[in-house]
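Observations on chain architecture
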Amino acid sequence: MIERENPARFAEIVGSVPVSTPDAVDEIVRRAGAEQRRWAALPLPDRLAALTHAAAAIENTVDDLATLLARESGKVLADCRGELGFAVRFLRWVAGRAIGVYADQAVDDDLGRLVHLRKPYGVVAAVTPWNAPVILAMLKIAPALAAGNAIVVKPSPLAPLTISRVAGLFDAPVRLVHGGAETGAALVGHELVRKVAFTGGAAGGRAVAALAGDRLTPSVLELGGNDPAVFLDDAPLADDAMDRLVMATFATSGQVCMAAKRLYVPEARLDDFVAAYLTAADRVLVTGDPLVPGVTMGPVISAAAQRSAAAFRVPAALDLGRFDADPDTGYFVRPALVVSPDPVSPLVTTEQFAPVVPVLGYRDENAVLAAANAGDLGLGASVWSADEERAFEFARRFEAGFTFVNTHNRTGMSLRAPFGGVKRSGWGREYADEGLLEYVQTCVIHAPAAFRPGAAPTGTGPSAYPAG
Ligand code: NAD
């Protein structure tokens with residue numbers, strides 16, 4: 001049994017889920033396989049209706065779900081409502097968009113008759129992290145189901161409760177298994193799994209990719225990032241921009257894949273920037289109980305995360321915002337800004353996944369781009385400027401899957417913008433049409449014009465290449 005504690009009050013157990021044994025995983029995947037054949041045989045509009053019903057059911061219970069999510073994850077209530085609301089919007093977006101993306105495409109012309117079919121894989125295995133457990137599962141569940149797949153999700157043992165309730169609201173083949181790495185491996189390596197979708201850290205991603213590769217199962221991997229946020233010399237240090245930047249780092253206590261994790265500012269502006277940043281943090285950053293109105297940052301997820309965050313809080317770190325929390329009864333960490341750390345220190349070169357952020361001065365644009373693009377990760381990045389053209393030109397030079405302009409993190413997302421990393425931040429995309437296409441295989445039926453019934457003999461040789 002996995003007992004989930006409340007990270008804001010770790011003496012409180014929020015709920016529990018049973019660990020799925022390898023036999024249970026096998027049985028659930030086989031049942032999903034049997035259900036998938038019936039599900040795929042339904043007309044596409046009927047499958048999409050199941051998504052819109054689930055969206056309404058989530059909406060109808062959003063208060064209870066958001067409270068449960070806040071209690072199991074330590075995320076503030078407003079963020080939990082936002083995540084659930086975004087999951088509802090995503091379900092409806094998929095239901096509207098899938099007709100066009102998944103419909104057969106046919107051409108019949110002088111080259112012949114060609115039909116593209118978008119066929120489901122079969123059973124999809126999804127392995128998801130704790131930090132946005134509903135939306136990150138939904139990015140896989142909604143397109144997988146719409147396309148006619150069954151899906152088995154293994155949520156993180158650190159936040160298994162809300163997604164279990166949400167999955168129960170679908171009248172469709174979405175099943176759950178629970179546990180840690182072992183359960184994830186049993187699921188990903190199952191012989192009936194035909195597609196793997198993983199979101200999480202590098203170690204888990206490497207293990208999952210290796211297992212999937214061994215079975216020749218295609219995968220989508222959404223891994224970590226170490227996003228740079230670059231202020232150009234004309235970027236306004238206006239209140240609203242600074243407020244956005246502060247929360248781009250500290251939403252979910254710095255534990256977001258696309259958080260602004262390294263800040264770069266022209267050397268000549270560093271003092272002004274730090275002053276504006278501290279003032280913004282005083283305005284928008286309140287650390288405390290996630291269920292208390294007005295609190296904008298809760299605890300980190302676990303004792304291990306609290307210890308790892310503490311290691312980044314060097315003595316020179318500047319405390320940020322108001323701190324109304326007790327680090328001895330909940331996994332709270334005082335948020336901090338570290339000014340001009342050693343550029344090769346782990347706070348700068350690795351994904352800290354903690355509420356501590358470095359700011360570094362830079363001399364010129366080539367130097368800051370070299371620093372921003374250093375390393376193996378390439379998930380997100382942002383550029384801030386008063387001149388949008390200049391920002392877009394600069395943005396082209398980032399090695400990142402998603403570049404935000406004058407914002408960063410979730411405020412810069414869009415359902416129509418594909419999201420995913422370059423370099424070792426993963427492969428494949430979520431959101432947008434690209435995200436829908438991850439859950440279908442394109443198969444074709446082709447009758448070349450020369451060999452259609454009634455066609456005049458062309459004199460084409462028996463092994464010739466086609467005309468078009
Ligand atoms: P994690 O890798 O520890 O766990 C993610 C999931 O993988 C969990 O369900 C876990 O139980 C499972 N898992 C771990 N090791 C496994 C293994 N060897 N075999 C099979 N399953 C395994 O990640 P986390 O701590 O839950 O999340 C934090 C990481 O996720 C960060 O690096 C963050 O940047 C990344 N993340 C990426 C995105 C994205 O969209 N790119 C989104 C959210 C989080």
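Read on for an overview of the structure. (Residues numbered from 1 in each chain as written. Predicted model: local features only at pLDDT ≥ 70, side-chain atom pairs only at ≥ 80, totals over all residues. Heavy atoms only, no water.)

**Quick look at empty space enclosed by the protein**
Convention followed: The way it works is a 1 Å grid over only the protein atoms, where trapped points that fit a 1.4 Å probe form a cavity and open points with protein on both sides within 12 Å along at least five of seven lines form a pocket, and then any residue with an atom within 4 Å of a point lines it. Grid points are joined across faces, edges and corners, and a volume is the space filled by probe spheres set on the points. Numbering of helices and strands runs from the N terminus; a helix is a DSSP stretch of H or I covering at least four residues, while a strand is a stretch of E covering at least two. Residues are grouped as follows: nonpolar covers Ala, Val, Leu, Ile, Met, Phe, Trp, Tyr, Cys and Pro; charged covers Asp, Glu, Lys and Arg; every other residue, Gly included, is treated as polar.
All told, the structure shown has one cavity of 30 Å³ or more when counted by the stated rule. Space inside the largest cavity adds up to approximately 60 Å³. Lining the largest cavity are 14 residues, with Pro228, Ala372, Leu377, Gly380 and Glu399 positioned closest to its centre. Residue assignment for the lining of the largest cavity shows that the elements contributing at least two residues are strand E17 (377-378) and strand E18 (380-384). Here the residues of the lining of the largest cavity sort into seven nonpolar, four polar and three charged.

**Side note on the site of the ligand**
The criterion, for reference: A single heavy atom is enough: if one lies within 4 Å of a molecule or strand, its residue is considered near that molecule or strand. Whenever two N or O atoms come within 3.5 Å, that pair is a polar contact, provided that in protein one can donate a hydrogen and the other can accept it, and provided that, for residues adjacent in sequence, both atoms are side-chain atoms. Areas reported as accessible are Shrake-Rupley estimates using a 1.4 Å probe. Residue values count occlusion only from the protein chains shown. The rule for placing a molecule in a cavity or pocket is simple: more than half of its atoms must lie within 2 Å of the grid points.
As a matter of local geometry, the ligand sits amid 29 residues, with Thr128, Lys154, Gly201, Leu223 and Glu351 nearest to it. Between an oxygen atom of the ligand and a main-chain N or O atom of Gly201, the distance comes to 2.8 Å. Protein burial of the ligand: of its 850 Å² of free accessible surface, 84% is covered by the chains. With respect to the detected pockets, the ligand is housed in the largest pocket. At the level of elements, helix H7 (181-188), strand E8 (193-199) and helix H8 (202-214) are the ones that each hand at least two residues to the shell around the ligand. Of the residues contributing to the shell around the ligand, the split by class is 16 nonpolar, ten polar and three charged.

**Examining the pairing of strand E9 (residues 219-222)**
Inclusion rule: When accessible area is computed with a 1.4 Å probe and restricted to protein chains, residues below 20% of their type maximum are described as buried, those above 50% as exposed, and intermediate ones as partly exposed. When DSSP finds two or more bridges between two strands, those strands count as paired. Place the viewer so that the strands point away; then a crossover is right-handed whenever the path from the first strand over the helix to the second strand goes clockwise.
What you see with E9 is no split at all: Ser219 and Leu221 on one side and Val220 and Glu222 on the other are buried throughout. The pairing of E8 with E9 spans four bridges and is classified as parallel. Along E9, the bridge assignment pairs Thr199 with Glu222. For the crossover that starts at E8, traverses H8 and ends in the parallel E9, the hand is right-handed. Here two bridges tie E9 to strand E21 (residues 426-427), and the two strands are oriented antiparallel to one another. Each bridged residue has a counterpart across the sheet, and for Glu222 the counterpart in E21 is Gly426.

**Description of the layout of surface pockets**
There is about 830 Å³ of room inside the largest pocket. Lining of the largest pocket is provided by 36 residues; of these, Pro129, Trp130, Phe198, Gly200 and Gly201 occupy positions nearest its centre. Of all elements in the fold, only H7, E8, H8 and helix H11 (303-312) reach the threshold of two or more residues within the lining of the largest pocket. At five residues, the largest contribution of residues to the lining of the largest pocket is made by H8. For the lining of the largest pocket, the residue count by class is 19 nonpolar, 14 polar and three charged. In this structure, the second largest pocket encloses a volume near 430 Å³. Lining of the second largest pocket is provided by 26 residues; of these, Ala132, Ile135, Met258, Arg410 and Tyr431 occupy positions nearest its centre. Looking at the lining of the second largest pocket, the elements that each hand over two or more residues are helix H4 (77-102) and helix H5 (133-146).

**A few points about the sheet that holds strand E16 (residues 356-362)**
Strand order in the open sheet made by the seven strands is E13-E15-E16-E11-E10-E18-E19, with mixed pairing throughout. This sheet does not close on itself; its edge strands, each paired only once, are strand E13 (318-319) and strand E19 (402-405). Relative to E18, strand E10 (residues 228-231) runs parallel, the two sharing three bridges. Paired with Phe231 across the strands is Trp384, a residue of E18.

**Looking at the packing of helix H2 (residues 44-60) against H5**
Selection criterion: Under this scheme, a helix contributes an axis fitted over its contacting stretch, all axes are lines through C-alpha atoms, and angles between N-to-C directions fall in the 0 to 180 degree range. Any angle from 65 to 115 degrees is called roughly perpendicular, while one under 35 is roughly parallel, one over 145 is roughly antiparallel, and all others are oblique. Any two residues whose heavy atoms approach within 4.5 Å are treated as being in contact.
For the pair H2 and H5, the least separation of the axes is 8 Å and the interaxial angle reads 150°. With respect to H5, the element H2 is oriented roughly antiparallel. Across the interface between the two elements, Leu44, Arg47, Leu48, Leu51 and Ile58 of H2 pack against Met138, Ala142, Leu145 and Ala146 of H5. For the contact of H2 with H5, the per-class residue count stands at eight nonpolar, no polar and one charged.

**Topic: the packing of aromatic side chains**
As a reminder, the rule being used: Classification of ring pairs rests on two measures: the distance between centres of Phe, Tyr or Trp rings, Trp counted by its six-membered ring, which must be within 6.5 Å, and the angle between planes, read as stacked under 30 degrees, edge-to-face over 60 and tilted in between.
The tally for this structure, following the rule as stated, stands at ten aromatic pairs. Between Phe402 and Phe419, the ring centres sit 5.7 Å apart and the planes meet at 45°, which makes this aromatic pair tilted. In this pair, Phe402 is assigned in strand E19 and Phe419 in the loop between E19 and strand E20 (422-423), connecting sequence segments 17 residues apart. Assigned by exposure class, Phe402 and Phe419 land together as buried. Pairwise contacts between aromatic rings join Phe86, Phe90, Trp93 and Tyr431 into one cluster.

**Considerations on the sheet that holds strand E5 (residues 123-127)**
Read from one edge to the other, the open sheet built from six strands follows the order E7-E6-E5-E8-E9-E21, with strand pairing classed as mixed. Of all strands in the sheet, those with a lone pairing partner are strand E7 (174-176) and E21, marking the two edges. For strand E6 (residues 150-154) and E7, the ladder comprises three bridges, and the chain directions are parallel. In the strand pairing of E7, Ile151 is matched with Val174. The sheet contacts of helix H1 (residues 22-41) involve E5, E6, E7 and E8, and relative to E6 the element is tilted by about 155°. Strands in contact with H5 are E5, E6, E7 and E8; relative to E6, the strand with the most contacts, it is inclined by about 165°.

**Quick look at unusual backbone geometry**
Although it is not a glycine, Phe353 adopts a positive phi angle of roughly 50°. Tracing the backbone through its elements, the reader meets Phe353 in the loop between helix H12 (346-349) and E16. For Asn406, which is not glycine, the phi dihedral falls at a positive 60°. Note on placement: Asn406 falls in the loop between E19 and E20.

**Considering the pattern of salt bridges**
Defined as follows: Note on definitions: salt bridges are taken to be side-chain nitrogens of Lys or Arg within 4 Å of carboxyl oxygens of Asp or Glu.
Counted according to the given criterion, the structure contains 29 salt bridges. In this structure, Glu191 engages Arg30 in a salt bridge whose closest nitrogen and oxygen atoms are separated by 2.8 Å. Remark: Arg30 occurs in helix H1 and Glu191 occurs in the loop between H7 and E8; sequence separation between them is 161 residues. The class for Glu191 is partly exposed, based on a relative accessible area of 45%. In this structure, Arg81 and Asp63 form a salt bridge, with 2.3 Å as the shortest nitrogen-oxygen distance. With a gap of 18 residues between them, Arg81 in helix H4 and Asp63 in helix H3 (residues 62-73) connect regions that are remote in the sequence. According to the relative accessible area criterion, Arg81 is partly exposed, its value standing at 38%.

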